[in-house]
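Understanding the architecture of this molecule
Okay, here's what each chain looks like letter by letter:
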Amino acid sequence: MLRKTGVWMLLVGAVAACTDAGPSEPDDSIGLQAHIYISAALDIMEFNSVRRYEIDWTAFREETFAEAAGIMTIPETYPVIVSALERIDDGHSFFQEPVSSAPPAAGDAPSAALVDEIGYLDVPAFSGGGEDGDSLALLYHGLIEAVDTIAVQTCRWVVDLRGNTGGNMWPMIAGVGPILGEDTVGFFVDPDSVFRAWTYAEGEARINDSPVNAAIPAYALEAPGPLVAVLTDSLTASSGEAVAVAFRGRDGARSFGQPTWGLSTANAPFLLDDGAVIFLTVSTMVDRAGVVYGGELAPDELVMGEKTGDPQTDEVLEAALTWLSAQSCA
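The rules behind the values
- Residues numbered from 1 in each chain as written.
- Predicted model: local features only at pLDDT ≥ 70, side-chain atom pairs only at ≥ 80, totals over all residues.
- Heavy atoms only, no water.
- Helix = DSSP H or I, 4+ residues; strand = E, 2+ residues; numbered from the N terminus.
- Contact = heavy atoms within 4.5 Å.
- Expected span 1.5 Å × (residues − 1).
- Buried < 20%, exposed > 50% of the residue type's maximum accessible area, 1.4 Å probe, protein only.
- Polar contact = N/O pair within 3.5 Å; in protein donor to acceptor, adjacent residues only side chain to side chain.
- Salt bridge = Lys/Arg side-chain N within 4 Å of Asp/Glu carboxyl O.
- Phe/Tyr/Trp six-rings, centres within 6.5 Å; stacked < 30°, edge-to-face > 60°.
- pLDDT = per-residue confidence, 0-100.

Brief notes about the side chain of H141
Turning to its location among the elements, H141 is positioned in helix α4 (residues 130–148). With near-sequence residues (within four places) excluded, H141 lies in contact with A174, G175, P178, Y200, G203, A215, A218 and Y219.

Next up, the structure:
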């Protein structure tokens, strides 16, 4: 069963586990290495958490070290760190024990089709990055081009995010870019009100104008700025929610389905000395209109029903197609 704490990171770049706080006073009931390790983890949380101004960190540290009484080794600290992250209560942070190799890029393959002269793009979860992310973005562009160049030119699209539990948002943003359109499409905001912009342009998904993943060569729709129906459900989470946020406030876009999972926040990875990683929630998603999220995204039209991909049995898809068919293209 998927846990909310198991969704992959959104932010770019690993961050070393170091701060200016210095170690806490050693506790004789805790092994020195274990104490240093827990102190480093707590420093990361105190200075980077999205809730850093809401928590009494002196009391938080006291409770954590009380829980760690009798621990001598670093591996024994892992449950204590997990417990501390749970007490931060942001719903998204999690701890990953050291692994011998990076996890594989996971997720189902995206797909596209033409349904009643309306383009349909299924956007599943994806956890890869780097070259794998670029390859995924390019695959999306190829799928979109294949639909867009079928005999009829379409100015209406469905972007289906149902079941997308997250992963890496940047290949997804770059991938749906031809439908999304070139623009600043969202932001992260931290507790100090510092904004970091998400942009799609020329096949690239960018944060503060720095490219992250890209489809090269990029595809541009025959009819740019299409009408778009975005489909979500209770499994649309984290990076899946980021893609949904990117369409919020966009002219000609409307959402259908059920509210999302409620992880519309951003995690950053912090590497500990033994290779373990704290994925800590550090900021909140904001759409292009300035609406701040942090929880679930409610659709414009609440429609119940299971995802089947067949308009005859998929009530959410049917509602989206009905709305799109009634709209006039520019």
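Okay, back to it.
Notes on helix α7 (residues 315–326)
Here α7 spans 17 Å end to end across twelve residues, near enough to the 16 Å set by a 1.5 Å rise per residue. All of the buried residues along α7 are V316, L317, A319, A320, L321, W323 and L324. The opening residue of α7 is D314, an N-cap whose side-chain oxygen sits 3.3 Å from the backbone nitrogen of V316.

Describing the pattern of salt bridges
One pass over the full model with this rule turns up twelve salt bridges. Between R61 and D43 there is a salt bridge whose closest N-O contact spans 2.5 Å. Of this pair, R61 sits in helix α2 (residues 57–67) while D43 is found in helix α1 (residues 32–48), placing the two residues 18 residues apart along the sequence. Taking the relative accessible area as the measure of exposure, R61 reaches 12% and is therefore buried. D43 gets classed as buried once you look at its relative accessible area, which sits at 7%. The structure contains a network of salt bridges with shared partners spanning D43, E46 and R61.

Considering the packing of aromatic side chains
Per the stated rule, a full pass over the model turns up eight aromatic pairs. Each ring, one from F94 and one from F279, has its centre 4.7 Å from the other, and the planes form 15°; the classification is stacked. Placement of the pair is F94 in strand β2 (residues 94–96) and F279 in strand β13 (residues 277–287), with a sequence separation of 185 residues. By the burial criterion, F94 is buried, and F279 matches it.

Some thoughts on the confidence of the model for the protein chain
Taken residue by residue, the protein chain gives an average pLDDT of 90. The fraction at 70 or more is 89%. pLDDT under 50 marks residues 12–26. Its contacts with residues more than four places away, or in other chains, come to 24 contacts.

What to know about the environment of V176
Mapped onto the secondary structure, V176 falls in helix α5 (residues 169–180). In the structure, V176 is positioned 35 residues away from H141 in sequence and 7.4 Å away in space, judged by C-alpha atoms. Other than its neighbours up to four places away in sequence, V176 contacts L121, V123, I144, V243 and F247.

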